[in-house]
Amino acid sequence: MAAPVAIHLEFGGGAELLFNGVKEHHLTLPSQSEPWDVKQLLVWIQRNLLKERPELFVQGDSVRPGILVLINDADWELMGELDYQLQDQDNVVFISTLHGG
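These numbers were taken from a predicted model, which means no experiment stands behind them. (Residues numbered from 1 in each chain as written. Predicted model: local features only at pLDDT ≥ 70, side-chain atom pairs only at ≥ 80, totals over all residues. Heavy atoms only, no water.)

Trainee: Any chance you could break down the nonpolar core for me, citing the residues and the numbers?
Mentor: Among the nonpolar cores identified, the biggest contains 29 residues, and Leu9, Ile45, Phe57, Leu86 and Phe94 are the most heavily contacted of them. Taken together, the elements giving at least two residues each to this core come down to β1 (5-12), β2 (24-29), α1 (38-48), β5 (67-71) and β7 (91-96). The biggest single contributor to this core is α1, with 5 residues. Among all residues touching Phe94, those that are not within four sequence positions of it are Leu9, Glu10, Phe11, Gly12, Ala15, Leu42, Ile45, Phe57, Val63, Ile67, Leu68 and Val69. (Core = buried A, V, L, I, M, F, W, Y, C linked by side-chain atoms within 4.5 Å. Buried < 20%, exposed > 50% of the residue type's maximum accessible area, 1.4 Å probe, protein only. Helix = DSSP H or I, 4+ residues; strand = E, 2+ residues; numbered from the N terminus. Contact = heavy atoms within 4.5 Å.)

Here you go:
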């Protein structure tokens, strides 16, 4: 059984508006049979934090194109994207690069 994981989430670039304007969330993901990965985190975020317009944040199993994801200040593409296994005290940042004009 995987232990609970305490992480820090940040939303910016307008993405925070989908989360009632709250930019930072400190949370502990509950223990489960397998280790937490980013794919499971996205499902948890949708069920527990996302307040409106999920189509602006997720697309299929991943984040929508135009959402930059950083894990501990590194591009998630370098970390394994959806398969990255979350570690205690990880910092995960979602920044929208999509802006109206």
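Trainee: Let's hear about the environment of Ala3: which residues, and what values?
Mentor: By the element assignment, Ala3 lies in the segment before β1. Residue class for Ala3 comes out exposed when judged on its relative accessible area of 51%. For the pair Ala3 and Trp36, spaced 33 residues apart in sequence, the C-alpha to C-alpha distance is 9.2 Å.

Trainee: Please give an account of the pattern of salt bridges that cites residues and values.
Mentor: Counting across every chain of the model gives 2 salt bridges. We note a salt bridge from Asp61 to Lys39, for which the minimum N-O separation is 3.4 Å. You can see Asp61 sitting in the loop between β3 (58-59) and β4 (62-63) and its partner Lys39 sitting in helix α1, a full 22 residues away along the chain. Judged by its relative accessible area of 38%, Lys39 is partly exposed. In this structure, the salt-bridge partner of Arg53 is Glu55, at a minimum N-O distance of 3.1 Å. (Salt bridge = Lys/Arg side-chain N within 4 Å of Asp/Glu carboxyl O.)

Trainee: Provide a residue-level description of the pairing of β5, including the pertinent values.
Mentor: Counting buried residues in β5 gives 4 out of 5 residues, a clear majority hidden from the surface. As paired strands, β5 and β7 are joined by 5 bridges and run antiparallel to one another. Of the residues in β7, the one forming a bridge with Val69 is Phe94. Looking at chain direction, β5 and strand β6 (residues 74-75) are connected through 2 bridges and run antiparallel. Within the sheet, the bridge partner assigned to Ile71 lies in β6 and is Ala74. Hairpin remark: β5 followed by β6, antiparallel, with 2 residues in the connecting loop; positive phi at Asn72, about 50 degrees. (Pairing = 2+ DSSP bridges.)

Trainee: Just give me the short version of the environment of Gly21, but keep the residues and values in it.
Mentor: Take Gly21: it is sitting in the loop between β1 and β2. Note on Gly21: relative accessible area 41%, which makes it partly exposed. Linking Gly21 and Phe11, residues 10 residues apart in sequence, is a C-alpha distance of 8.9 Å.

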